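Survey of secondary and tertiary structure
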Amino acid sequence: MERWTKPVALITTFQPYLLAWVLAIAFFLTLTLVAIISKGRNWKQLVMIFIASYIVLALASIISAQFVADIQVVALEWVHSQ
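Here we summarise the structure given alongside this text. Predicted model only: the values in this text are computed from it and were never measured.

Quick look at the packing of aromatic side chains
For any pair of aromatic rings, the description rests on two quantities: the centre-to-centre distance and the angle between the ring planes. Applying the stated criterion to the full structure yields four aromatic pairs. Ring centres of phenylalanine 27 and phenylalanine 28 lie 5.2 Å apart, and the angle between their planes is 80 degrees; on these two criteria the pair is classed as edge-to-face. A relative accessible area of 52% places phenylalanine 28 in the exposed class. Measuring from ring centre to ring centre gives 5.7 Å for phenylalanine 27 and phenylalanine 50, while their planes differ by 80 degrees; the resulting arrangement is edge-to-face. Pair noted here: phenylalanine 27 is in helix α1 (residues 16-36) and phenylalanine 50 is in helix α2 (residues 43-67), with a separation of 23 residues, a long-range link. One aromatic cluster is present, formed by Phe27, Phe28, Phe50 and Tyr54 through successive ring pairs.

What follows is the structure in structure tokens.
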């Protein structure tokens, strides 16, 4: 129980140009996906599909850049006190 009371710091670092590049690619892939499946749907459904797809594609792009290409776009570091 004592380990839950110790302070923890989460340090986040990211590469701004790489992150912007990955998010832009995810944006245009999401637009393409929504355009393909948009026939017969109302605008509320399209907005929700766009938001959900953008989040999924952005996370998938960041994760694949890390593990496939070994490029660290976002780094998280946990620091525990002694």
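As for the nonpolar core
Residues Leu19, Val22, Ile62, Ala65 and Val73 constitute the largest nonpolar core, which totals five residues. Contact partners of alanine 65, with chain neighbours within four places excluded, come to Asp70, Ile71 and Val73.

Side note on α1
Helical geometry: 3.6 residues make up each α-helical turn, so side chains three or four residues apart lie on a common side. Its 21 residues place the ends of α1 30 Å apart at the C-alpha level, agreeing with the 30 Å of an ideal helix rising 1.5 Å per residue. Considered for burial, the residues of α1 that qualify are Leu19, Val22, Ala26, Thr30 and Val34. Burial along α1 is one-sided: seen end-on, the buried residues are contained in an arc of 100 degrees. Facing away from the buried side of α1 by over 90 degrees, the exposed positions are Tyr17, Trp21, Phe28, Ala35 and Ile36.

Things to note about the side chain of serine 53
With respect to the helices, strands and loops of the structure, serine 53 is situated in helix α2. Overall, serine 53 belongs to the buried group, its relative accessible area being 13%. At a separation of 2.8 Å, a polar atom in the side chain of serine 53 contacts the main-chain carbonyl oxygen of isoleucine 49.

With respect to the environment of phenylalanine 50
Taking the C-alpha atoms as reference, phenylalanine 50 lies 23 Å from proline 16; in sequence the two are 34 residues apart. With residues up to four places along the chain from it excluded, the contact list for phenylalanine 50 reads Phe27, Thr30, Leu31 and Val34.

Digging into the packing of α1 against α2
Two packed helices can be described by the angle between their axes and the distance between those axes. For the pair α1 and α2, the least separation of the axes is 8 Å and the interaxial angle reads 140 degrees. Taken as axis vectors, α1 and α2 run oblique relative to one another. Like other packed secondary-structure pairs, α1 and α2 cross with a definite hand, here right-handed. In contact with Leu19, Val22, Leu23, Ala26, Phe27, Leu29, Thr30, Leu31, Leu33 and Val34 of α1, α2 contributes Leu46, Ile49, Phe50, Ser53, Tyr54, Leu57, Ala58, Ser61 and Ile62. Grouping the constituent residues of the contact of α1 with α2 by class yields 16 nonpolar, three polar and no charged.

What counts as what
- Residues numbered from 1 in each chain as written.
- Predicted model: local features only at pLDDT ≥ 70, side-chain atom pairs only at ≥ 80, totals over all residues.
- Heavy atoms only, no water.
- Phe/Tyr/Trp six-rings, centres within 6.5 Å; stacked < 30°, edge-to-face > 60°.
- Buried < 20%, exposed > 50% of the residue type's maximum accessible area, 1.4 Å probe, protein only.
- Helix = DSSP H or I, 4+ residues; strand = E, 2+ residues; numbered from the N terminus.
- Core = buried A, V, L, I, M, F, W, Y, C linked by side-chain atoms within 4.5 Å.
- Contact = heavy atoms within 4.5 Å.
- Expected span 1.5 Å × (residues − 1).
- Arc of directions from axis to C-beta.
- Polar contact = N/O pair within 3.5 Å; in protein donor to acceptor, adjacent residues only side chain to side chain.
- Axes fitted to C-alpha atoms, helices over the stretch in contact; angles between N-to-C directions.
- Parallel < 35°, antiparallel > 145°, perpendicular 65-115°, else oblique.
- Left-handed = near helix turned anticlockwise from the far one by under 90°.
- Nonpolar A, V, L, I, M, F, W, Y, C, P; charged D, E, K, R; others polar.

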